[in-house]
Every structure is written in C-alpha cells, then in structure tokens.
Amino acid sequence: TFVVTENCIKCKYTDCVEVCPVDCFYEGPNFLVIHPDECIDCALCEPECPAEAIFSEDELPEGQEAFIEINAELAEVWPNITEKKDPPEDAEEWDGKPGKLELLER
Ligand code: F3S
C-alpha cells in the first residue's frame, strides 16, 4: 500500500489521481489520502507527485508513520477524486515546509 504523507498538506497538486488505475484517492479540504484496501501497489502515483509526498508504507520517511492511520481513517469519510484540478495558489510556498500536520483540515 502507498501512503500520502505530510508534504501533500496545502500543496495538493492532484497529479496523483490521474494515474491511479483503481481510483483509490480521496479528497479533503487541503490534503488527499489513499484508501489502503483499494490500493493495488502499482506504484504509478509515487513519481507523479511534484511534492514527493507519496511513499510505499514500507519506505515511509522517519516521522511519517502517523500517516498510515490518517490515510486509512480519512479514506472512509472523504469523497473520491479521479480528475486533476488546480492546486492552491500558494501550493509552491508550502512545498517542503515542516510541521504541516497541524494544518491538516478534516
Ligand atoms: Fe498531494 Fe502530491 Fe497528490 S501533493 S494531491 S499527493 S500529487
């Protein structure tokens, strides 16, 4: 299973959703998640993310472990997204900023 991690928050480029063969992305106000039971581990989304926010759960960067649970939980409540949309206007500004977890809107 692949996991969307912290750097997606407030970047939300949505390039990832276009390549997913099983449409397993779900959209919140400022973040996307992958449904862990629907992801088939194809790995296509990982290189598509301009913010490098997607990782295999086996290769999660240190400190990103909480996102396994966050993806599982929010994929159950957020709506599905399958088409790319414009990112937030200030997406570039937020790319790479630390401490974004507390800005996650549910
Ligand atoms: Fe987020 Fe990257 Fe997708 S910023 S919306 S995981 S392309």
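Look a little higher up for the structure.
Procedures and definitions
Residues numbered from 1 in each chain as written. Predicted model: local features only at pLDDT ≥ 70, side-chain atom pairs only at ≥ 80, totals over all residues. Heavy atoms only, no water. Helix = DSSP H or I, 4+ residues; strand = E, 2+ residues; numbered from the N terminus. Rg over C-alpha atoms; globule rule 2.2 N^0.38 Å. Buried < 20%, exposed > 50% of the residue type's maximum accessible area, 1.4 Å probe, protein only. Contact = heavy atoms within 4.5 Å. Areas by Shrake-Rupley, 256 points an atom, 1.4 Å probe, with all protein chains shown as cover. Lys, Arg positive; Asp, Glu negative; His and termini not counted. Charge placed at Lys NZ, Arg CZ, Asp CG, Glu CD. Polar contact = N/O pair within 3.5 Å; in protein donor to acceptor, adjacent residues only side chain to side chain. Salt bridge = Lys/Arg side-chain N within 4 Å of Asp/Glu carboxyl O. Near = heavy atom within 4 Å. Nonpolar A, V, L, I, M, F, W, Y, C, P; charged D, E, K, R; others polar. Core = buried A, V, L, I, M, F, W, Y, C linked by side-chain atoms within 4.5 Å.

A. Quick look at the overall build of the chain. Summing up its helical and strand segments, the chain has three helices and four strands in all. Tracing the chain from N to C terminus, the helices and strands come up as β-α-β-β-β-α-α. Its C-alpha atoms give the chain a radius of gyration of 12 Å, within 12% of the compact-globule value 13 Å for 106 residues. In terms of principal-axis extent, the alpha carbons of the chain reach across some 30 × 30 × 25 Å. Within the span of the chain, comprising 106 residues, buried residues form 43% of the whole. Pairs at least 24 apart in sequence give 76% of the contacts found in the chain among residues at least 6 apart. Of the roughly 5,800 Å² of accessible surface on the chain, a fraction of 46% belongs to carbon and sulfur atoms. Charge centroids of the chain, computed over 7 positive and 28 negative side chains, lie 9 Å from each other.

B. Representation of the side chain of asparagine 71 within the structure. Topologically, asparagine 71 is positioned in helix α2 (residues 66-74). Take asparagine 71: its relative accessible area is 1%, and that puts it in the buried class. From its side chain, asparagine 71 meets the backbone oxygen of valine 4 in a polar contact 2.9 Å long. Leaving out residues up to four positions away in the same chain, asparagine 71 has contacts with Val3, Val4, Phe31, Val33, Ile34 and Pro36.

C. Molecular detail of the pattern of salt bridges. Evaluated as defined, the whole model comprises four salt bridges. Close ionic contact of lysine 84 with aspartate 15 constitutes a salt bridge, the shortest N to O distance being 3.2 Å. Placement of the pair is lysine 84 in the loop between α2 and α3 (91-94) and aspartate 15 in helix α1 (residues 15-19), with a sequence separation of 69 residues. Here lysine 84 falls in the partly exposed class, since its relative accessible area comes to 41%. We note a salt bridge from arginine 106 to glutamate 73, for which the minimum N-O separation is 2.9 Å. With a gap of 33 residues between them, arginine 106 in the segment after α3 and glutamate 73 in helix α2 connect regions that are remote in the sequence. With relative accessibility at 57%, the residue arginine 106 sits in the exposed group.

D. Summary view of the site of the ligand. Around the ligand, the structure places Val4, Cys8, Lys12, Tyr13, Thr14, Asp15, Cys16, Leu32, Cys49, Pro50, Ala51 and Ile54. Taken together, the residues of the shell around the ligand sort by class into nine nonpolar, one polar and two charged.

E. Structural view of the nonpolar core. Among the nonpolar cores identified, the biggest contains 32 residues, and Phe25, Phe31, Ile34 and Ile54 are the most heavily contacted of them. For this core, the secondary-structure elements that each account for two or more residues are β1 (2-4), α1, β2 (25-27), β3 (32-34) and α2. Other than its neighbours up to four places away in sequence, phenylalanine 31 contacts Val4, Thr5, Cys8, Ile9, Lys12, Tyr26, Phe67, Ile70, Asn71, Trp78 and Leu104.

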